[in-house]
Every structure is written in structure tokens, then in C-alpha cells.
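Below, each chain spelled out in residue letters.
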Amino acid sequence: MRLFPWLIMLGLGAILRDDGPHATPGEAPAVEFAGCGAVHAGPVCELSESAEINVWAEVPEGAIVDAWLDGRRIAMRDQRESSGGVQFRLRLSGAARKLVITIEKDGERARFRLPLRPRAPVPVIEEAVRLHKSGQVDAATRLLEGALDESPDPAMRARLLSRLARIALGRGEIPKTITRLQEAIRLHRAAGRISDEAEDGMTLAYTHIFHGRDFAAARSALNAVSLLEPSYPEGRALAAYYAALLAIETGDFRRSLSLLRLSSERAERLGITKLRLTVMQLQADVLRRMGRVREAEALLAHALEALPSSTEACQRASLLNDVGYNAILSVQSGTRSVPKLDGAFSALGQALDLYAQGGPCPTPRRRANVLVNLALASLYRGATEEARDFVARARDTFPAADARMKTEWTDIEGRIHLAEGHLDRALKAYDELAELAVEPEGRFIAALGRARALAALGQWDAGAEEYARAHALLADRSLLVPLSEGRGAFFGWFEESAREHVDLLLDRDPRAALEVARRARRQMLAALQWSDRLERSDGAARARWEDALSAYRNGRLSMAAEALDDWKLPSDEWARVTSARRAREQQLLAVLDEALASLGLAGEGEDDVALPSPGEGELVLAYFPVRAGLAGFALTRDGVAARRLGPVDTSAPPEALAAAMFAPFEDQIRRARRIRVVSHGTLERIDVHALPWKDGPLLAHAPVVYGVDIPVRGEGSVDPQAPREGEALVVGDPRGDLPAARREAEMVALQLGPRGFRVRELYSQQAAHGALREALEGGRVALFHYAGHGLFGGRDGWESALPLAGGGTFSVSDVLSLARAPRHVVLSGCDTGRTEAGVPVEGLGLGQAFIVAGSASVVATARPVEDDLAEAVMTSFYRALGSDASKSGDAANQLREAVLHAARERRGSDWASFRVLVP
């Protein structure tokens, strides 16, 4: 974009003579403004005390933008590109009456006109604000109420009521706040004060959200504000923020993140620094709730650093409170050591001083919130008496607390009782919390607290029921975390409850303990299975999903076709086009995500939904963390054995890991003809099949597979010896840059043909997105072999993909959207079975996506692999294939032979990176 600043500066002092009539709506340029003291109907901008406004204008390539004040061109300060346009600041004269923004291109000029009005201060309100900020709340109230009694002017009465409502809100006088805001809004509307009506409407929504928990009333207030947005651009940014608050409090992380991004973009576009920093705080809060504590910490640190020195005390105090609270939660999540709590106490102490009576921001409600956070910090350092004192001070500071704050301090009181061994008191506290909680998070905390108290009281069955209730609340709430936004981290945030539940059952009912562990582990991927849930959904949800799925598939096909011509574009145009295409893809995924969430968790917990059970001669080795280390399970058709393994260092040498994980189950391993490994997420980095057993790796003793552990309909597990259909799809070297992959694919095709497979081959430019989808869905593919690059990326692995011709890809979401999946899949590329590190549930990668979509087995790699090793392993793999398709051996046996051969012939190679995944 060319802004021609030199042209603008040379024209200073010129007069806009060709003012002409108002442009028609179709001709008017897109211009937004912020910083008016008030916006009246029209819109008309009443100037602020500084007489400065920020302006954003959409400027086409090659166009010239100018600003004119009462017909004379004025300087546009601090120009910069923003959101496809130009942002700048204007210093206006207090006596000016009209601002015109012109955008000229190719001899045509479009105009945006903004009438101006001089500032109209109200001395009584300014004095009341000064008194309020100095802590003289009663004096401010008396001054405003006296002026209200004396003023007959509706517009003045509206402004007085608006200020009184905010004082009442700070005091917790909610009915009075709502009444005054509603009357002020009515009077603002009659007077045409659009900005005041909108801001009071948003304050009314805030009051309903946090004090009345009346979400319907809050939504109604925000809907009324939306009608004002076209005349009040600044209000559009604010309204998105308040709508995000509502979404957060109703547990809708998906919508809240979208709205916060929108608010941030609008604030950035208009240069509203205060709002942009406030949005960052709220984004950090959402990230915290989703378990992304480190990201929240980084965001808050950035906001604190960017805080202008002129920032109001209340905003600084709010940010410090958030910084301190996030530091506490870092301790809870295990990402920080307890001594780091000193930083939390420092930040919270500063916030407490700012909120103190007589301080620069005397707000009892917010001061009480800081005291509750200090109580939580004290609890984490084991100072229960100190924590109790902080809670008592919070209660005294703000007795009219809302339900959310009461939930927080009741939880802390329950924790104090648990820590001190007063179990009956703890149970009573969590009973109260269960009655008090009005949102899913509060109900989860209540159920978890009750579970802990009941377990400590020795009421095992009742405790287990409460743990199960907590898990159910968590599973439902997880659907509100958008795909690709950290659903795995969300489960990790609440992982402690699953550990405690397993620990409670481990010595009393090992089979039930294993069931809880496995269900907790696979809950993220189970929520992605849509076919069974679709059968149980209502008509509206089904139609929504089918429409979203169709839109996604068609959109991806369209974008893949467009990408084939990207090579013709110059580099700057290529960057713009591909960026826009990624944004479109994210929009398609968002629609698909919402539709999938609308299907709910239908079928979960039903009798015919069971986790895969062991086959004849099969041993399931499962590992899951408990309170003190690791629990191990050995499941066969004859029963389950469970052992407490104690702390296990995953970075220990293979011999030490084998001793810890295998020794307790030596008899079961010795008898096993096939082993299925089911590991907790953080243990999945361990190549269990390569750990030493007797005189060689475990794999030398028996075939080893890795269970994704998603539900299977009906009894039993997938039979690896089941007859295969004879259709195979082979894709090789789709980008044309891996000769070894091309040789491998040609070898695979030659091996499959004589064994009864009908082989379809796609090489180089043939292997485009549309061709691959058509081949996968057009028939019933028994075997799909891909030889090429593999990409792993994105949060929870959502950006993982198989690279295809023409710069296209076949992504995780493309796999999950398949109408049918190949029965057996071989992904011979780097990272095709990799999942995100540190996620405590079964993660998502390309191989796991095919299992979720319905494949019976997937051969994939946990890490990058060398081209020649992949070619060698795959050559051996297909040589192990039976003589005809209907009697062939299963993938586990084939891969076993192939990698053991590689281990012998290629000493030092990473043969252990190859794995077989099964449901």
C-alpha cells in the first residue's frame, strides 16, 4: 500500500472547495473514529478535553487519503497501516464544526463527513468523579443525588444517573444499579446520546453477568447496544469485549476467543490502547481456564510491559491482580516451583494497596477479590491460618459479594478444612458450594471437593461417584474448547482429579481403576468420532453437521484447486493469497468444530460403547499417573493385575525403564502372544516395544501395538486376521523431491499386485488434494500407503498434514472429515504418528486421526526418519505380506519382522520410530 505522505504534507493549508453533496452510501469510504467525548445521533462527535481523535480509513492501493477541518487540510499524525487501511491521529480545534476524510484515486474522490460539537463539561459530575477516585464515595453520592433532585433536564439526569449507577455497582447495590442504568439508557436514547446509551447498556450487561447471573438479560442488553454500533465505531470494539465476557461466563470458550480477537482487532485498528490491554487480560483469563497457563503468563507480562505510565490506577491494579493470580495457578499446574509464589504475593500486594480505602482506586469489590487470591497463595505455601485470615478479610471487605466470588472463597475454606483434617467441615463447605455454583466450573470444583472429603472419610463408593460426576462435567465442558485451541491442555489442567480417582480405586477395584484411567486418557479423541454420535443426534444437529461437513469438503477442494496456480504468482502476491487462504481454512474448521460440538457426547457411557478389550493371547499393558508416581496395569481375558510403580523417570536409561515397567508383570508378558501398550500422554514418548526384555527388545518376544483406546461398538476388538478387501491406493513422492519415496511407492505397488490387490497409484502431480480424496472415498480402500514428507504442527497437532502436489496438503481435519477411512493405513513419512509433547491425554496426529476416522490399523512414525531407513523398512514390511490378500498377516507382525531386520542390518538406526496404532 502506498500512502504518499509527501503529497499530504505538501498540501497543508489548501482549502477543500469542491465539498459537494454528501456521498451516497455506496460511495462513502469505510472510515471509523474513536476518542470523542461523546457521540450523538447522526453521528456527531462531541470533542473530548484533548480535542484529539483516532481515525481509521480503508484505503485502496494507490489511493491518497486526506483530512479536512472546516474546509482546510490538516496534518494526519502517527500514520501507520492497520487492518487493510490507514490509522492516524487528528488534533482538532475546539471551535471546529466539520471533519471530512477524503480518499482519492484515478481522479475520483470519496468523502466521509463527521459533524463536530464542542466539549460540554458538567462540573458537578467532574467533581463527583474526583471525590470518588479519592475514596470519598459518600460525598460523591450526595453531590450527584442533590444535582439529580434539582435538574429537570432529561439529558443531564441521564448523565447523573449513569454516574450514580457506577458508584452503586462498586458498593454491590445491584438492584439500585440496574434501575438507574435502565432509566439512564431510556433518557440517553431520547436525547440522542448514542455513546452514553451504548456504554450504559454494556455496563448493564456486565451487571447482569457478574451480579445477577441473568445471562438472558445480559444478552438482551448487548443486543440493544448492537443497534447503535454503526454510528459508534468505538462501541463496536467495546461491545465485542462485553459479548466475550458473557461467552466466558456461560463457558463458551469457542465464542469468547473469537470475540476477543475481534475486539482486539477493532481496538488495534482505532488505536484504543486501554481497551487492547484489557482484552489481553481477558484473553489471558480464557487461556488460563483452558490450561494454557504459560501462554497466559506471557500475555500478561507483555500487557504489563506495554502499560503506559499514564494508565489509571484501577487498570494497573486489575492487571497486577491477574499477574498474581496467574502465578498461583502456575504452581497448581506444576509449571513453577512454590518459591515463585513470592512473585504472586508481590503483585497482589501492589494491587491491594491500589484498591485500598484512601488509595487511588478504592474499590471494595476488587479489593475483596485480591484478598481471595492472597488466601489461595497462602494455601499453596501451606499457611492455612494466613489463608483463613485473608478469606475473613475478603468477607468483611465486601459482604455483598457475587456468586462467583463466594464460590472462590468457599472452595478455599473447603481446602483449608481438608488440609487441617476437618473432613466433616470440608464436606459441608463443598455441599454449600454445590448449592451456590451457577456455572460448570463451580459445579466441577464442588464435585471434586466432595470427592476428596468423602474419600478421606473412608466413604469410598460415594467418593468414586463424585469423582465420576466431576469427570462428566469436565467432558461436557471440553466441547466448548475449540479444536486447534488446546483441548489437550484443558484436560491436563484438570488431570489431578483423574489421578486421584484412579488412586482411590487402585487397591479396591483394579478393573474399575483401569477403566477410569483409559476413559480419562482417550476423552479428547473420543469427542472427535462423529459417525456414531450422528446416529443419536436430533434432526437439527444432524443437519447442521452435514451442512458444515459439506461446506468444509467443498471449500478444501476449491482451495486446493486454486493452490495449483500459486507458482505463477510473484512472491508478495503469493504471501497475500496464501495468508487469505489459511484464514478461509480456519473459518471452515471453525464451522466444522461448532457443528461437531453440537452433536454433544451422544452415546458416551452407553452399554454398547466399550473400550477395546484384549483378544485371545493379547496383553494390554497400561500406565497411568497416580498421587505418588505411576500405576501399571496388565489386562488379559483372564483379568487385570495392578501395581503401584512409584516415581518413574521417563528420561532414565532403557534398562531402568524396563525394570520399572516390566518386572511387576513378568508372568503376563512371558505368556503374551501380542502386546498392546496404552500409555498416559506424557509416557507416549517411550518406545515401549524397544525396551529390553530378556535377551532383546520387547518386540522380539511378541508383536507390539499402541492402542489409541477410542470406543468400539459391540464386543471385542478389531480382529487383525480379518479378511481384507483387495483394493489398494499408493501415493508416492507427491512433491517430486524425494526419489527414495518414489522408489518405495513403486516397490509397494509391485508387491501388492501379485498378492491380489487392485492397485491405484498416484505420483507427483497426480497426487493432488482432490484426486486423493476422490480415491479414498470413491471405493472401499483396504490399504492406503503414503510415501513422502510428513508434517507435524499446530496446537494438539491440528496442523499436521500429508504434503501433496501443487503445494496442497491432506490435513488432520481432512482425514477426520472422510466419509469412510481405509481399513489399513501405512504412513511412511516423518512424524506421521507424532503427538504434542506434554499433553496428558491421547494426542492427535495423522495416524491417530485415521484411527478416529475408522481405520483398523495405522503404521506411522513417532519422529523424523531417514529416507533410506524408511525405504528399507517398507521393503521388508511388504515382503512379510501373505501370498494373497485374503490370508495376509496383520500389520503388527509385518512391522515386527521389518524393524527387527532393520535393527540387525542397520545398527544404530532409529528403527524404533516405527509403530502400529490400533483403536
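See the structure printed just above.
Attention in this report is confined to the structure presented alongside it. Quick caveat: nothing in here was measured; it's all calculated off a predicted structure.

Topologically, serine 263 is positioned in helix α9 (residues 253-270). On the basis of relative accessibility, which here comes to 0%, the residue serine 263 falls in the buried class. Filtering out sequence-adjacent residues up to four positions away, serine 263 remains in contact with Ala237, Ala240, Tyr241, Leu275 and Val279.

As a further point, take the sheet that holds strand β27 (residues 914-918). Strand order in the open sheet made by the 11 strands is β14-β13-β12-β15-β18-β27-β26-β25-β22-β20-β21, with mixed pairing throughout. Looking along the sheet, the strands with just one partner apiece sit at the ends: β14 (639-646) and β21 (758-763). Each strand axis lies, on average, 20 degrees off the axis of its neighbour in the sheet, ignoring direction. One ladder, built from three bridges, connects strand β25 (residues 824-828) with strand β26 (residues 857-861); its direction is parallel. Residue histidine 824 lies in a different strand from β26, and its bridge partner there is serine 857.

With that settled, the discussion passes to the state of the cysteines. Disulfides are covalent bonds that link the sulfur atoms of two cysteine residues. Tallied over the full model, the rule gives two disulfides. Residue pairing for cysteine 36: its cysteine sulfur links by disulfide to cysteine 45, the two sulfurs lying 2.1 Å apart. Measuring the twist about the S-S bond at about -115 degrees, one finds the cysteine 36-cysteine 45 disulfide to be left-handed. One exposure class covers both cysteine 36 and cysteine 45, and it is buried. Cysteine 314 shares a disulfide with cysteine 361; S-S distance 1.7 Å.

Below, the discussion takes up the packing of helix α13 (residues 341-355) against helix α14 (residues 364-380). Between α13 and α14, the least distance of the axes is 9 Å, while the angle of their chain directions is 160 degrees. Overall, the two elements α13 and α14 adopt an arrangement that is roughly antiparallel. When you trace α13 past α14, the crossing you get is left-handed. Residues Leu341, Phe345, Leu348, Ala351, Leu352 and Tyr355 of α13 pack against Arg366, Arg367, Val370, Leu371, Asn373, Leu374, Ala377, Ser378 and Tyr380 of α14. Split into classes, the residues belonging to the contact of α13 with α14 amount to 11 nonpolar, two polar and two charged.

This part covers the nonpolar core. If you look at the biggest cluster of nonpolar residues, it comprises 220 residues, and the most contacted ones within it are Leu90, Ile101, Phe662, Ile675, Phe784 and Tyr878. Per-element tally for this core: the top contributor is helix α8 (residues 233-249), with 11 residues. Among residues more than four places away in sequence, those in contact with tyrosine 878 are Met747, Val748, Gln751, Leu752, Arg755, Leu783, His785 and Val826. Residues Ala317, Ala377, Phe398 and Met405 belong to the second largest nonpolar core, which totals 35 residues.

Tracing the chain through its elements places serine 264 in helix α9. For serine 264, a relative accessible area of 19% puts it in the buried group. Residues serine 264 and alanine 237, 27 residues apart in the sequence, show an inter-C-alpha distance of 7.4 Å. If sequence neighbours within four positions are ignored, serine 264 has contacts with Arg276, Val279 and Gln283.

The omega torsion across glycine 42 and proline 43 is 0 degrees, close enough to zero to call that bond cis. Here proline 43 lies in the loop between β2 (38-40) and β3 (44-46).

Here aspartate 814 lies in helix α31 (residues 812-816). Apart from residues no more than four positions distant in its own chain, aspartate 814 is found in contact with Tyr552, Arg556, His769, Arg773 and Thr809. A distance of 2.6 Å separates polar atoms of two side chains, one belonging to aspartate 814 and the other to arginine 556.

A large share of strand β22 (residues 783-787) lies buried, amounting to five of its five residues. Neither face of β22 is open: one carries Leu783, His785 and Ala787, the other Phe784 and Tyr786, and all of them are buried. Of the strand pairs in this sheet, strand β20 (residues 727-732) and β22 are connected by five bridges, and their pairing is parallel. By the bridge assignment for β22, valine 730 is matched with histidine 785. Here β22 runs beside β25; their pairing, made up of five bridges, is parallel. The residue of β25 that forms the bridge with tyrosine 786 is leucine 827.

Further remarks concern the sheet that holds β2. Reading across the sheet, the six strands line up as β2-β3-β10-β9-β5-β6 and stay open at both edges, with mixed pairing between neighbours. Single-partner strands in this sheet number two, and they are β2 and β6 (72-74). Going across the sheet, the axis of each strand differs from the next one's by a mean of 35 degrees, ignoring polarity. Judged from the six bridges that link them, strand β5 (residues 64-69) and strand β9 (residues 98-105) form a sheet pairing that is antiparallel.

With that out of the way, let us pick up the packing of aromatic side chains. One pass over the structure, following the stated rule, counts six aromatic pairs. Note on phenylalanine 33 and phenylalanine 112: the rings are 6.4 Å apart at their centroids and 40 degrees apart in plane angle, and the pair reads as tilted. Placement of phenylalanine 33 in strand β1 (residues 31-34) and of phenylalanine 112 in strand β10 (residues 108-117) is noted, with a sequence separation of 79 residues between them. Phenylalanine 112 gets classed as buried once you look at its relative accessible area, which sits at 17%. Between phenylalanine 877 and tyrosine 878 the ring centres are 5.0 Å apart and the planes differ by 80 degrees, which places this aromatic pair in the edge-to-face class.

Reading the values: rules and limits
- Residues numbered from 1 in each chain as written.
- Predicted model: local features only at pLDDT ≥ 70, side-chain atom pairs only at ≥ 80, totals over all residues.
- Heavy atoms only, no water.
- Helix = DSSP H or I, 4+ residues; strand = E, 2+ residues; numbered from the N terminus.
- Buried < 20%, exposed > 50% of the residue type's maximum accessible area, 1.4 Å probe, protein only.
- Contact = heavy atoms within 4.5 Å.
- Pairing = 2+ DSSP bridges.
- Axes fitted to C-alpha atoms, helices over the stretch in contact; angles between N-to-C directions.
- Disulfide = S-S within 2.5 Å.
- Parallel < 35°, antiparallel > 145°, perpendicular 65-115°, else oblique.
- Left-handed = near helix turned anticlockwise from the far one by under 90°.
- Nonpolar A, V, L, I, M, F, W, Y, C, P; charged D, E, K, R; others polar.
- Core = buried A, V, L, I, M, F, W, Y, C linked by side-chain atoms within 4.5 Å.
- Polar contact = N/O pair within 3.5 Å; in protein donor to acceptor, adjacent residues only side chain to side chain.
- Phe/Tyr/Trp six-rings, centres within 6.5 Å; stacked < 30°, edge-to-face > 60°.

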